[in-house]
Amino acid sequence: MTAPLLQPAPAPLSAQGRFWALVPCAGTGSRAIAAGQPAAPGTGGLHGGSTLAAVFAASGPEVAAAPPPPLPKQYHAVAGSPMVLHTLAAFAGVGRLLGTLVAVAPGDRFLDAYPHPAWFAVECGGATRADTVMGGLRALVGRGAQPDDWVLVHDAARCLVTTAQIDTLIDQCAGDTVGGLLAHKLADTLKTSTDGPGGVRVSATVDRSDKWLAQTPQMFRIGPLMDAIAKVGSNVTDEAGAMEAMGLHPRLVPGGAQNFKVTYPDDFALASAVLAARSHGTTLERFGGERGHAGDAMERKSIF
């Protein structure tokens, strides 16, 4: 799914600026996938898996075929729909967004079955999250995004984010000189540890009064974010970290405990319970209840 180049760039749709969303969706999330989970149909090989599959295919019949890679966690069903669709449904409700780019791995066609005018997939995934984000940013620029435009980068596996939280982040950061991120104030007592002959032991208790759990979306201007990632390198784990490395101090915007990242197998049950409590009507409304059928609420402002 690609969109034509946009020349010249369109006028802002908001007095606060121009806003885009970028959802890195190229990882496999192996920690979240329990043994025996189904393989991935139509996903190609994520982060180099396509090359591996090609090697086995070319090695001849005497070599056993490699098993297909497991279905990436963001495509596993949560409350009856692929996890990433819950994420995209929240962004589809943000009227100020010019579009949402989903950065997938080369050969990943999973989302072709779920078309919607609010987002589009680009095969620009890289070996690390930072590489995937940079690929997505370049793709946005290639489609008319400007260096001063804002981009909201969000984890595909944070499927419980709400449209209201995204709008709050935009409202609080659109006038900021740096940008910011959703975050959750640490509530638990925090310990450091040592590991020795007696096992893992408490080393010290850390003051939690100024500690926050970083969440997403993380919202920064496209040009400065690209510069920061290019200078810091591909091992940076989030966009705020790249900006911090440039001597900047992103704004912390309270998110919520439910905006967690699905990371381990038990997280699926928790996410499903939350969505069930919400009745996950937003996802069904925007994407439909059957595979490949979008919902009726598709008439939103989009340049794609």
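Higher on the page you've got the structure.
As the structure is a prediction and not an experimental result, all values here were calculated from the model.

Undergrad: In this structure, what is going on with the sheet that holds strand S1 (residues 19-25)? I would like to understand it.
TA: Note: strands within a sheet are paired through backbone hydrogen bonds, in either parallel or antiparallel orientation. With mixed pairing, the seven strands of this open sheet are ordered in space as S5-S4-S1-S6-S10-S7-S11. Two strands in the sheet have a free side with no partner beyond their single neighbour: strand S5 (119-123) and strand S11 (251-254). Sheet twist, expressed as the average angle between the axes of neighbouring strands with direction ignored, equals 30°. Of the strand pairs in this sheet, strand S6 (residues 150-153) and strand S10 (residues 212-221) are connected by four bridges, and their pairing is antiparallel. Paired with Trp150 across the strands is Arg221, a residue of S10. Along the sheet, helix H2 (residues 83-92) makes contact with S1, strand S4 (97-104), S5 and S10, crossing S4 at roughly 160°. Here helix H4 (residues 163-173) sits on the sheet in contact with S1, S6, strand S7 (179-185), S10 and S11, set at roughly 130° to S7.

Undergrad: Just checking my understanding: could you explain the packing of helix H3 (residues 129-142) against helix H5 (residues 222-232) for this structure?
TA: Packed helices, taken two at a time, are described by their axes: the angle between them and the distance between them. In contact at an axis separation of 10 Å, H3 and H5 are set at 145° when each is read in the N-to-C sense. Considering only the axes of H3 and H5, their crossing is left-handed. Along the contact surface, H3 presents Ala130, Val133, Met134, Leu137, Arg138 and Val141, while H5 presents Ile222, Leu225, Met226, Ile229 and Ala230. Looking at the contact of H3 with H5 residue by residue, the class counts come to 10 nonpolar, no polar and one charged.

Undergrad: Please explain unusual backbone geometry as it appears in this structure.
TA: Apart from glycine, the bulk of residues carry a negative phi angle, and the bulk of peptide bonds sit in the trans form. In this structure, the amide linkage connecting Thr216 to the following residue, Pro217, adopts the cis form with an omega of 10°. By the element assignment, Pro217 lies in strand S10. One non-glycine residue with positive phi stands out, namely Ala79, at about 55°.

What counts as what
- Residues numbered from 1 in each chain as written.
- Predicted model: local features only at pLDDT ≥ 70, side-chain atom pairs only at ≥ 80, totals over all residues.
- Heavy atoms only, no water.
- Pairing = 2+ DSSP bridges.
- Helix = DSSP H or I, 4+ residues; strand = E, 2+ residues; numbered from the N terminus.
- Axes fitted to C-alpha atoms, helices over the stretch in contact; angles between N-to-C directions.
- Contact = heavy atoms within 4.5 Å.
- Left-handed = near helix turned anticlockwise from the far one by under 90°.
- Nonpolar A, V, L, I, M, F, W, Y, C, P; charged D, E, K, R; others polar.

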